[in-house]
Every structure is written in structure tokens, then in C-alpha cells.
Amino acid sequence: MAIEKTLSIIKPNAVKQKHVGEIISMLEQNNLRISQMRMLQLDNVQAKMFYQEHIGKSFFDELLNFMLSGEIVVLKLEGENAIARYRELMGATNPCDAKEGSIREKFGDKTDLTQNAVHGSDSKESAKRELALFFK
């Protein structure tokens, strides 16, 4: 298997609830190496660039407001088959549907789909684009 790079974002709700350490521990226990990491507050321009494929969708404004509501932690993850492995570890987008023990099942807000604790790139192309937004 090839070594891949992917982006992880620990979203504002998980940062505010102090789950960053637990999430990082889950990543490391699953052999996903953190090669870069930073905490930041998105501005409106960054958030719109990141979520550009969702502009015009019914949930866009809610998602944007949520992502601007507090600090996030962005991580560059590396490992064999990292994209698929991280997506499995994250769990389904809807925390109510996420597999028991997944990040979103454990830390996502079960009443608000946008507050699902983490984001992960869904393909090699997305990972390349998303990583470039946060890591030079």
C-alpha cells in the first residue's frame, strides 16, 4: 500500500469541549502519523474557499457560521491508505449513523449534523487541495 497524506480538521465543537487530545490519541492508536498540526480561527474567506463546493446549498450558511464560531485544529496525517483509514475512523457524517467507537459517534453532536466533530478529505484530489489551504 502507498503512503498517503490527508487533512483532518477537529471542528469548533470538539475543540470547545476539550476533545482534541482524545481525538489525537485515536489517530495515533490507528497508525495515522501527524506530520503537521496547527490551531487557528478561520476567517470568512478561508471558510468559503474550503467549503466552495457547498456554496448555494441549503446548509451552507449554517455550516459556515459553525466553522467560524471558534478555533479549529488542522492536522496533516500520513500513513498507508490514510484517506480510507481516517474516513473509517471518523465514522458516518451523521453522528447518529456513525459506527460505535468512531470519532463522530463519540464526539459529534447527535442533534446537529454540521457539528460532527471532525472533517476528513474524501479523495486524493481533495486531500491535495485541502492540505494546500492550511499547510505550505
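Look up a bit, the structure's there.
Residues numbered from 1 in each chain as written. Predicted model: local features only at pLDDT ≥ 70, side-chain atom pairs only at ≥ 80, totals over all residues. Heavy atoms only, no water.

## Observations regarding the sheet that holds strand S4 (residues 118-120)
Overall, antiparallel pairing links the four strands, which are arranged S2-S3-S1-S4 in an open sheet. The open sheet has two edge strands with one neighbour each: strand S2 (33-40) and S4. In this sheet, adjacent strand axes meet at a mean angle of 20 degrees when their direction is disregarded. Where S2 and strand S3 (residues 72-80) come together, seven bridges link them in antiparallel fashion. By the bridge assignment for S3, arginine 38 is matched with valine 74. (Pairing = 2+ DSSP bridges. Helix = DSSP H or I, 4+ residues; strand = E, 2+ residues; numbered from the N terminus. Axes fitted to C-alpha atoms, helices over the stretch in contact; angles between N-to-C directions.)

## Examining helix H4 (residues 60-67)
Along H4, the positions that sit buried rather than exposed are Phe60, Leu63, Leu64, Phe66 and Met67. Taken around the axis of H4, the buried residues stretch over an arc of 165 degrees, which confines them to a single face. When the buried face of H4 is taken as reference, the exposed residues oriented beyond 90 degrees from it are Asp61 and Asn65. Buried residues along H4 sit against strand S1 (3-10), helix H1 (12-16), helix H3 (44-50) and S3. (Buried < 20%, exposed > 50% of the residue type's maximum accessible area, 1.4 Å probe, protein only. Arc of directions from axis to C-beta. Contact = heavy atoms within 4.5 Å.)

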